[in-house]
Amino acid sequence: MSERKVLNKYYPPDFDPSKIPKLKLPKDRQYVVRLMAPFNMRCKTCGEYIYKGKKFNARKETVQNEVYLGLPIFRFYIKCTRCLAEITFKTDPENTDYVMEHGATRNFQAEKLLEEQEKQMQKEREDEELNNPMKVLENRTKDSKMEMEVLENLQELKELNQRQANVDFESMLLEYQKYEEDLKRQQEEDDEREMKSMLESAHVKRILEDSDSDEEPLKPPCKLKPQVLRKPTDILNENTDCQKKKLKPESWEKSVGKLNGNPPLSRLVVKKAQTKKADSSILRKDDSIQKDCPTNDGTKDQNSVVSPASVVLSSTAQVQQASGACNSSLSLLGAYSDSEGSSSD
């Protein structure tokens, strides 16, 4: 049984490879290869940007009649991703780069243009020096001046570095770290102090609130009213005021009657004063004294001398009149209340 994948083929003894016909392929034959864009470019037809590294299925061919040191130059054909316009570029073995040929413009080519300009200036200078010895001398003096300026700048930089070398950067960093630590510690202490003060104030407020809720606030001491000298007749006025306030009976008293056991006519009974006899004896003595006392003209004036007994008698008479008036008013009030009680019954 034969092998599926044959690696060694059989060659007969009379095999002649020169008799095998050769394929005649054209020299400008194109191959399809997979490549990436070697640089950034922009399509001239639609303005689409094609960035470096974008993959294309390109056609590759060998450029005819262009060789660099025996190395062939290849041309690549790609299509724009937007408008499908054909773009071509080829290899540049002299500069180890690619050259844009047709259909697009290369972007970010300023550095390459600068390098080309420097090379061209160097080539022109070399050509001038070959034919003009004075030009060579001028170029040498310019180069020497440039070297002197460069050396001066370098010396200045060295001096600046020496000045900075005297500074110990490690000590500076340590001092800065200490300063930061001290600042941080001070901030923490300030924060703790503020927290303590806030907690103390809150605790004091809470204690005050608890004490206010538990105990009643102390009442301010009452001011003692100054004692006013009272007249003996003020008691009667107070009694009449109290009785006037109690004139109007309550509603339950009208319906049920008073609970007090004293009858309403008990207020009308008034005890007699026991000092009448003493007062009459005192009046007699005062009259005798007034008769015996003469006046300035040698005559006896009864109204010139006033005895204390007469003052007492006048005050007692006033009291009796006031009590009689009060009793008369009280008797009227009692009769009125009895009439109201009988009507309610």
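Treat the numbers as computed from the prediction; the structure is a model and nothing was measured.

Asks: Explanation requested: the overall build of the protein chain in the structure shown.
Replies: Within the protein chain, the secondary structure is distributed over seven helices and eight strands. Counting every position in the protein chain, which comprises 345 residues, the buried fraction comes to 12%. Counted over contacts in the protein chain with a minimum sequence separation of 6, partners at least 24 positions apart contribute 42%. Carbon and sulfur atoms provide 55% of the accessible area of the protein chain, an area that totals close to 31200 Å².

Asks: Got a minute to help me understand the sheet that holds strand β2 (residues 41-43) in this structure?
Replies: The pairing of strands in a sheet happens through backbone hydrogen bonds and is either parallel or antiparallel. With antiparallel pairing, three strands are arranged side by side in an open sheet as β3-β2-β8. The open sheet is flanked by β3 (49-50) and β8 (104-106), the only strands paired with a single partner. Two strands pair when backbone bridges link them, and β2 and β8 are joined in this way by three bridges, in the antiparallel orientation. By the bridge assignment for β8, M41 is matched with R106.

Asks: Which parts of the structure should I look at to understand the nonpolar core?
Replies: Looking at soluble globular proteins, one finds that nonpolar side chains tend to be buried together. The biggest cluster of nonpolar side chains holds 16 residues, and the ones touching the most others in it are L35, M41, I50, I78, I87, F89 and M100. Taken together, the elements giving at least two residues each to this core come down to β2, β4 (55-68), β5 (71-79) and β6 (86-92). Residues in contact with F89, not counting those within four places in the same chain, are L35, P38, F39, F74, R75, F76, I78, Y98, V99, M100 and E101.

Asks: Would you mind showing me how to read the environment of I50 here?
Replies: By the element assignment, I50 lies in strand β3. As for I50 and R106, which are separated by 56 residues in sequence, their C-alpha atoms are 9.7 Å apart.

Asks: Teacher, can you tell me more about the pairing of β6 here?
Replies: Taken across its seven residues, β6 has six buried, putting it largely inside the fold. Between β5 and the antiparallel strand that follows it, β6, lie six residues; L84 among them carries a positive phi value of about 60 degrees. Note that β6 and strand β7 (residues 97-102) share five bridges and pair antiparallel. Across the sheet, T91 pairs through a bridge with Y98, a residue of β7. Taking the residues between adjacent antiparallel strands as the criterion, β6 and β7 are bridged by four residues, where T96 takes a positive phi near 50 degrees.

Asks: What should I look at first to understand the sheet that holds strand β1 (residues 31-36) in this one?
Replies: With antiparallel pairing, five strands are arranged side by side in an open sheet as β1-β4-β5-β6-β7. Sheet topology places β1 and β7 at the edges, where each strand pairs with a single neighbour. Ignoring strand direction, the axes of neighbouring strands in this sheet form an average angle of 40 degrees. Pairing of β1 with β4, which is carried by six bridges, proceeds in the antiparallel orientation. What sits directly across from L35, in β4, is F56.

Asks: Honestly, the pattern of salt bridges in this entry has me stumped. Any pointers?
Replies: Two side chains with opposite charge may pair up if their charged atoms get near one another. A full pass over the atoms with the stated rule returns eleven salt bridges. Between R125 and E129 there is a salt bridge, and its shortest N-O distance comes to 3.3 Å. Of the two residues, R125 and E129 both sit in helix α1 (residues 110-131), four residues apart, roughly one turn of that helix. Taking relative accessible area as the criterion, E129 reaches 27% and is therefore assigned partly exposed. The partner of R185 in a salt bridge is D182, and the shortest N-O contact between them spans 2.9 Å. Taken together, the residues R185 and D182, both in helix α3 (residues 169-214) and three residues apart, mark about one turn of the helix. For D182, a relative accessible area of 42% corresponds to the partly exposed category. Salt bridges sharing partners connect three or more residues here, namely E61, E66, R75, K90 and E101.

Asks: Looking at this structure, how should I read the side chain of N139?
Replies: Looking at where N139 falls in the secondary structure, it is placed in helix α2 (residues 133-165). You can call N139 buried: its relative accessible area is 9%. A polar atom in the side chain of N139 sits 3.0 Å from the side chain of E129. Setting aside residues no more than four positions away along its own chain, N139 makes contact with R125 and E129.

Asks: Looking at this model, I keep getting lost on a nonpolar patch on the surface. Mind explaining?
Replies: Among the surface-exposed residues, M148, L151, L154, L157 and L160 lie close enough to one another that they form a single nonpolar patch of about 480 Å² accessible area. With respect to the helices and strands, M148 occurs in helix α2.

Asks: Which parts of the structure should I look at to understand unusual backbone geometry?
Replies: Trans peptide bonds make up most of the peptide bonds, and negative phi angles are found at most residues other than glycine. A positive phi angle, close to 65 degrees, is found at N65, a residue other than glycine. Summarising the element assignment, N65 is placed in strand β4. One non-glycine residue, L69, adopts positive backbone phi at about 55 degrees. Its place among the elements puts L69 in the loop between β4 and β5.

Asks: Explain the state of the cysteines to me, please; I cannot follow it from the model alone.
Replies: What we call a disulfide is simply a covalent bond connecting the sulfur atoms of a pair of cysteines. Evaluated as defined, the whole model comprises zero disulfides. With no disulfide of its own, C43 lies 3.8 Å from the sulfur of C83, the closest cysteine sulfur. Here C80 is not disulfide-linked; the sulfur of C46 is the nearest cysteine sulfur, at 3.6 Å.

Conventions and cut-offs
Residues numbered from 1 in each chain as written. Predicted model: local features only at pLDDT ≥ 70, side-chain atom pairs only at ≥ 80, totals over all residues. Heavy atoms only, no water. Helix = DSSP H or I, 4+ residues; strand = E, 2+ residues; numbered from the N terminus. Buried < 20%, exposed > 50% of the residue type's maximum accessible area, 1.4 Å probe, protein only. Contact = heavy atoms within 4.5 Å. Areas by Shrake-Rupley, 256 points an atom, 1.4 Å probe, with all protein chains shown as cover. Pairing = 2+ DSSP bridges. Core = buried A, V, L, I, M, F, W, Y, C linked by side-chain atoms within 4.5 Å. Axes fitted to C-alpha atoms, helices over the stretch in contact; angles between N-to-C directions. Salt bridge = Lys/Arg side-chain N within 4 Å of Asp/Glu carboxyl O. Polar contact = N/O pair within 3.5 Å; in protein donor to acceptor, adjacent residues only side chain to side chain. Patch = residues over 30% accessible without salt bridge, like charges linked within 9 Å, V, L, I, M, F, W, Y side chains within 5 Å. Disulfide = S-S within 2.5 Å.

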